[in-house]
Each structure stands twice: as structure tokens, then as C-alpha cells.
Amino acid sequence: MTEAARTAWRPGDPRPDTESMLRVDQAGEYGATRIYAGQLAVFGTRHPAARIVAHMADQEERHLSHFDRMMAERGVRPTVLQPFWHGAGHALGAVTALISPSAAMACTAAVEDEIDAHYGEQLRTLGSDDPELSSAIEKFQAEEVEHRDTALAHGAESAFAYPLLYSAIRAGCRAAIFLSKRI
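As the structure is a prediction and not an experimental result, all values here were calculated from the model. (Residues numbered from 1 in each chain as written. Predicted model: local features only at pLDDT ≥ 70, side-chain atom pairs only at ≥ 80, totals over all residues. Heavy atoms only, no water.)

## Looking at the overall build of the protein
Across its full length, the protein holds seven helices and zero strands. Secondary structure elements of the protein, listed N to C terminal, follow the sequence α-α-α-α-α-α-α. Relative to the globule expectation of 16 Å for 183 residues, the C-alpha radius of gyration of the protein, 17 Å, shows essentially globular dimensions. Scored against the burial criterion, the 183 residues of the protein give a buried share of 48%. Of the contacts made within the protein by residues no fewer than 6 positions apart, 84% connect residues no fewer than 24 positions apart. Working note: accessible area of the protein is about 9,000 Å², and carbon and sulfur atoms make up 60% of it. Of the side chains in the protein, 18 bear a positive and 25 a negative charge, and the two mean positions are spaced by 2 Å. (Helix = DSSP H or I, 4+ residues; strand = E, 2+ residues; numbered from the N terminus. Rg over C-alpha atoms; globule rule 2.2 N^0.38 Å. Buried < 20%, exposed > 50% of the residue type's maximum accessible area, 1.4 Å probe, protein only. Contact = heavy atoms within 4.5 Å. Areas by Shrake-Rupley, 256 points an atom, 1.4 Å probe, with all protein chains shown as cover. Lys, Arg positive; Asp, Glu negative; His and termini not counted. Charge placed at Lys NZ, Arg CZ, Asp CG, Glu CD.)

Next up, the structure:
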């Protein structure tokens, strides 16, 4: 039996909550754009890390635009926490960049690890139920993994107190995901 057949919806099964999925995915991509904006505000354009961060930021902007469009087409409201994510994301990016370039990369590694796990769970939940959403998630998940790998290759693990920083940021991401799904 194929994975798609095992995860296909059957009468009586609960349907995946695609509205909640879109809401949290859009909020996550929005938060990522704000994190990178905070890092770039500190790094400017001449810092060696700026080009790397700017490339990841461009991809996150594309992800955000895609989810914005899907939400508008489907009539899904954004999280009411969006103004909070605006400030919190920018602050997280700026603070980690102020600590060091490796701390900024540690932030990216932590966020992208959590998003990879989150997107994987969404794909398992969706099964074959929403091919348009699944396709976007699969594509963006691959790019998020690329961001994590880039961050690791550029010194994330050499950040001061990396295990603590990494764990704290992942915990914050889990809280943001939990809240953005519901509020």
C-alpha cells in the first residue's frame, strides 16, 4: 500500500484543518521575513553575512507572497498576533545579529529545524487532501532545509552557548506555531 493510500481521507475521518495550516504557515513566513529584516538591519549590505541572509530573505518573501495569495483566495484570516510577530521577529533577528554572525546563523538553524518538522507534520496530516497546499509546503520545506544547511555551513554551531540559544529559539517557534494556529 502506498503512503498516499494510507493517508487518504475516508468517510468519517476528520478533515485536515487547512485554514489553520494556512494561517500558521503565513504567520511563520511573515515571522521569518521579519527575522531576516532584523539581521539585515544590523549587518547592513557590506557585512559578509549580508548576502547569505538577503538570499534567504528573498526566498521567505516569495513563500509569504504565496501564502498571502492562498489565504486571500480561500478567505482565510491571518492570525491576530501578526503585529506581535512583526516586532518579535525583527527583535530576534537584530539581537542574534548583534551577538554575532554565528548567533544569527544559529537562529536560522533553530527556526528552520522547527519549520522543517512542522511542515513534515502538516504533509502527513494533509495526505492527498489538498494537493495545492501540499505542493507549496513540499517546495518551501526543501528551501527551509537549504536555509538550515546554509546556516550550519556558515558557523551556526560555533555561536556562544549554541545549545542554549538553539533550544530557546526552537521553543519560541513551537509556542508561536501553537498560538498562530488558534488565535
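## Points about the layout of surface pockets
Of the pockets and cavities examined, the largest pocket occupies roughly 480 Å³. The wall of the largest pocket is formed by 27 residues, among which G31, I35, G172, C173 and A176 lie closest to the centre. Here the element with the most residues in the lining of the largest pocket is helix 2 (residues 18-43); it accounts for eight residues. Taken together, the residues that form the lining of the largest pocket break down as 16 nonpolar, six polar and five charged. (1 Å grid on protein atoms, 1.4 Å probe; cavity = no way out; pocket = protein on both sides within 12 Å on 5 of 7 lines; lining within 4 Å. Points joined across faces, edges and corners; volume = space filled by probe spheres on them. Nonpolar A, V, L, I, M, F, W, Y, C, P; charged D, E, K, R; others polar.)

## What about a nonpolar patch on the surface?
Together, V80, F178, L179 and I183 line one region of the surface with nonpolar side chains, adding up to about 350 Å² of accessible area. Mapped onto the elements of the fold, L179 is located in helix 7 (residues 162-182). (Patch = residues over 30% accessible without salt bridge, like charges linked within 9 Å, V, L, I, M, F, W, Y side chains within 5 Å. Salt bridge = Lys/Arg side-chain N within 4 Å of Asp/Glu carboxyl O.)

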